[in-house]
Amino acid sequence: MTETVAINSDGPGIVRVQRQTTSGFVAMALGTSMIAAIGSMPWWASQGQIRDVVELCCYIAVAAMWNLLAGYAGLVSVGQQAFVGVAAYAMFVMAQLWGVNPFFAVILAVSAPALLAIPTYALLHRLDGPYFAIGTWVIAEVMRLATSIFAYVNAGAGMSLRVMTGYSADQRAMGVSFLCAFMLLVTVGGSYLLLRSRYGLALTAVRDNPVAAASQGVNVGRLRFLIWMAAAVGTGLAGAVYFLAQLRITPPSAYDPNWASIAIFVVMVGGLGSLEGVIIGALIYFFADRWFGEYGAIYLVVLGLLTLFMAIFARGGVWGVICKIVDAPWFPTRRTLLEDKP
Amino acid sequence: MHWLDGLIQGVLLGGLYAQYALGMALMFGVMRIVNLTHGDLMILLALTGISLAARFALGPWPVLVILVVLGAIIGLLLQRLVLDRVVGSDPLPSLIATFGLSMALQNAMLQFWSADTRSLGAGGIAQASFQIGSLFVGVLPLIVLLTATVLTGSLDATLRHTRFGRALRASSVDVEAAAMTGVNPKNVYAGATAIAVAILGFAAVFQSMRATVAPADGPFQLIYAFEAVIIGGMGSIWGAFLGAMVLGISQSIGFRIDPGFGILAGHLVFLLVLALRPQGLMGKV
């Protein structure tokens, strides 16, 4: 995919901007077939496999959104579980209490995190770097505690998605699989489109130096708010899909700080500021959890130390190491100038 | 009387929160680092203290001395081994590093001490109280409050009047300029972190005497410390003390409205301050 741009008619002639690479084409083809495979899971996968894939996709989605926030907008959040929980609860309320079709409710439920994103940003954007992070945590705690005393959603006892008994196992598998494919398309595909657009250029500029970006005409505050909002919606979608598969929700599970831990681990180990890193990190976390989860606390100690190690010694994560060896981006966002020789 | 009692209990609770918050105010003031292991280190010290007291049949006061010294050592190590490598203008590395360390610490403590809640036997002092009118005031909470006041006053005086304090304030304004005038920022940072964690030694003893501690409690203490610092105003030591009082009173009054509302009331007051007076009660604009 090249764009032809006439930069200077009496200069070096026509210059083309190349943005796609061979590795990008291969990755695009693989990615499209993966999403098609996920959407068609009911026809080839077992119930257990579907549950695993849904979980993995939710990790990818939440981490992709955290990557946008921390890797590009410079907004480090440790309270993304606020959006997971509020969207999941909104889905339960719509489906269980209002009688909306639960699969449709998943899509409608993302309005809740979008609404929550507005006042939270208004409050928190006054806080500087690290304090912003703990501020997001306070918001998540407020949501958890408020939900725990909110009788309409059955307070601390939580809710069950009993309306799902009205659907057969096949229908449920189909709905969850479609939503899962849709979620990946929105979060990963959406991130990629955003990064390729002119907003992506502005975001990269903000990531590298917010002051310089502002001086180039980037409205840093507005851009950060848009990313905050987009990340809230994407994270919320993951929460709604996850709890649709879980069928049961309680305040501690909905607002589980573990969501933030997963997002941070996935992005930091995979590689901050890259979509490839999100996918690599999510796969590492998913398989580490499957293989070593039985070791409980010791496994989490290792996970924590690994995050610490990455922050000190390998800021680029696994993808950063790969990039040093071979230059083959899966989601190329770089613009290369090609000059046509007369 | 019901509400006056709530107010007094809140001030006393605030004394404990002030001890959490002082170290955080100091570290953020100097290094602009938020150490996410702040709460976990307090729990680590508390659990260590409880185990030492049980093993060697120590009273709370010898344990306090041990924990303060141990806290200073841990602070020094934390700064040298971890924070020195991640401190900088970008807040992300220090956040992520301490986030990972916090996760590792919590689970290591869970493995070592199990998830049980524990407390430190305080002898008769835990139950002792005296009566003012129709109100009862506990002796131990009063000691906690007095200790917090003395700690705040000493820390504030240290920052204002000692050579170390001047070096610290200079480094917080401009590290490079301070280094040019002969201050060694690495030593100043190490000193600040050592003091911050040593103060947590006090908090650890009083927390485990007044209530219970469990390995997973750290994040909550971190949030209280953070809220106290923001309510009070960043960069002000007495501000952190005042913020802790406001937080303690909010929670205490909240608990009297509804037991499920106590902690939430504290958070809401914090958000209210953030909305109406973002620079904090004692912060400079």
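Residues numbered from 1 in each chain as written. Chains lettered and ligands numbered in written order. Predicted model: local features only at pLDDT ≥ 70, side-chain atom pairs only at ≥ 80, totals over all residues.

Asks: Would you explain the overall build of chain A in this entry?
Replies: Assigned secondary structure in chain A consists of 15 helices and five strands. Relative to the 2.2 N^0.38 estimate, which gives 20 Å for 342 residues, the radius of gyration of chain A is 21 Å and therefore close to what a compact globule would have. In terms of overall dimensions, chain A has a C-alpha envelope of 70 × 50 × 40 Å along the principal axes. A total of 342 residues make up chain A; the buried ones form 45% of that total. A fraction of 78% describes how many contacts in chain A between residues 6 or more apart in sequence connect residues 24 or more apart. (Helix = DSSP H or I, 4+ residues; strand = E, 2+ residues; numbered from the N terminus. Rg over C-alpha atoms; globule rule 2.2 N^0.38 Å. Buried ≥ 20, exposed ≤ 12 C-beta atoms within 10 Å, placed from the backbone. Contact = placed C-beta atoms within 7 Å.)

Asks: Looking at this structure, I do not really get the interface of chain B and chain A. What am I missing?
Replies: Size of an interface: often given as the accessible area lost when the parts come together. Residue-level contacts link 33 residues of chain B with 33 residues of chain A. When residues in the side of chain B that touches chain A are grouped by element, the largest group, 15 residues, is from helix α4 (residues 91–113) of chain B. The class makeup of the residues in the side of chain B that touches chain A is 26 nonpolar, five polar and two charged. (Nonpolar A, V, L, I, M, F, W, Y, C, P; charged D, E, K, R; others polar.)

Asks: Hey, could you run me through helix α5 (residues 111–124) of chain A in this one?
Replies: Along an α-helix, residues three or four positions apart point the same way, because every turn accommodates 3.6 residues. All names here are of chain A. Its 14 residues give α5 an end-to-end C-alpha distance of 20 Å, which sits within 8% of 20 Å, the value for a rise of 1.5 Å per residue. Of the positions making up α5, those classed as buried are A112, P113, L116, A117, T120 and L124. Looking at the packing, one finds that the buried side of α5 touches α3 (81–97), α6 (129–148) and α10 (220–246). (Expected span 1.5 Å × (residues − 1).)

Asks: Please explain the environment of I279 of chain A as it appears in this structure.
Replies: Considering the arrangement of structural elements, one finds I279 of chain A in helix α13 (residues 275–292). Considered as a pair, I279 of chain A and A238 of chain A are 41 residues apart in the sequence and their alpha carbons are 15 Å apart.

Asks: Help me understand the confidence of the model for chain B in this model?
Replies: Note: predicted coordinates in regions of low pLDDT should not be interpreted at a detailed level. Per-chain confidence: chain B averages 88 in pLDDT, with 98% of residues scoring 70 or above. Both scores are given for the predicted complex: the pTM is 0.87, the ipTM 0.84. (pLDDT = per-residue confidence, 0-100.)

Asks: In this structure, what is going on with the pairing of strand β1 (residues 129–132) of chain B? I would like to understand it.
Replies: The side chains of a regular strand alternate between the sheet's two faces. Residues and elements named next belong to chain B. Both β1 and strand β2 (residues 135–138) contribute to a ladder of four bridges, which runs antiparallel. The partner of S129 across the bridge, within β2, is G138. The hairpin turn running from β1 into β2, its antiparallel successor, is two residues long, and G133 in that turn takes a positive phi close to 60 degrees. (Pairing = 2+ DSSP bridges.)

Asks: I would appreciate a short explanation of the nonpolar core in the present structure.
Replies: Buried together is how nonpolar side chains tend to be arranged in soluble globular proteins. Counting residues in hydrophobic clusters, the biggest one holds 210 residues, and the most contacted among them are I60, A87, M91 and V241 of chain A together with A21 of chain B. Of all the elements, helix α2 (residues 47–73) of chain A adds the most residues to this core, at 18 residues. Excluding residues that lie within four positions of it along the chain, A21 of chain B makes contacts with A225, A228, V229, A240, G243 and A244 of chain B. (Core = buried A, V, L, I, M, F, W, Y, C linked by C-beta atoms within 7 Å.)

Asks: What is the right way to look at the confidence of the model for chain A in this model?
Replies: On average, residues of chain A score 87 in pLDDT, and 95% of them are at 70 or above. Averaged over each element, pLDDT in chain A is lowest for strand β1 (residues 2–8) of chain A (52) and highest for α3 of chain A (95).

Asks: Please clarify how the packing of helix α14 (residues 297–313) of chain A against α4 of chain B should be interpreted in this entry.
Replies: In a pair of packed helices, the angle between the axes and the distance between the axes together describe the arrangement. At a minimum axis separation of 7 Å, α14 of chain A and α4 of chain B run at an interaxial angle of 160 degrees. Comparing the axis directions of α14 of chain A and α4 of chain B gives the class roughly antiparallel. The crossing of α14 of chain A and α4 of chain B is left-handed. Contacts between α14 of chain A and α4 of chain B involve A297, I298, L300, V301, L303, G304, L305, T307, L308, A311 and I312 of chain A from the former and P93, I96, A97, F99, G100, L101, M103, A104, N107, A108, L110 and Q111 of chain B from the latter. Considering only residue class, the contact of α14 of chain A with α4 of chain B consists of 18 nonpolar, five polar and no charged. (Axes fitted to C-alpha atoms, helices over the stretch in contact; angles between N-to-C directions. Parallel < 35°, antiparallel > 145°, perpendicular 65-115°, else oblique. Left-handed = near helix turned anticlockwise from the far one by under 90°.)

Asks: In this structure, what is going on with the environment of D327 of chain A? I would like to understand it.
Replies: All names here are of chain A. By secondary structure assignment, the location of D327 is in the loop between α15 (317–325) and β5 (336–339). What makes D327 exposed here is the crowd of 11 C-beta atoms within 10 Å. With 244 residues separating them in the primary sequence, D327 and F83 have C-alpha atoms 36 Å apart.

Asks: Any chance you could explain the environment of P113 of chain A here in plain terms?
Replies: Residue and element names in this part refer to chain A. Looking at the secondary structure, you find P113 in helix α5. Judged by C-beta crowding, with 28 C-beta atoms within 10 Å, P113 ranks as buried. Along the backbone, P113 and A87 are 26 residues apart, and their C-alpha atoms lie at a distance of 5.8 Å.

Asks: It is not clear to me how the packing of helix α2 (residues 38–56) of chain B against helix α9 (residues 218–232) of chain B should be interpreted in this structure. Could you clarify?
Replies: All names here are of chain B. Where α2 contacts α9, the two axes come as close as 7 Å, and the packing angle between them is 125 degrees. It follows from the interaxial angle that α2 and α9 lie oblique. Like other packed secondary-structure pairs, α2 and α9 cross with a definite hand, here right-handed. On the side of α2, the interface is formed by H38, G39, D40, M42 and I43, while α9 contributes G218, P219, F220, Q221, L222 and A225. Class assignment for the residues of the contact of α2 with α9 results in six nonpolar, four polar and one charged.

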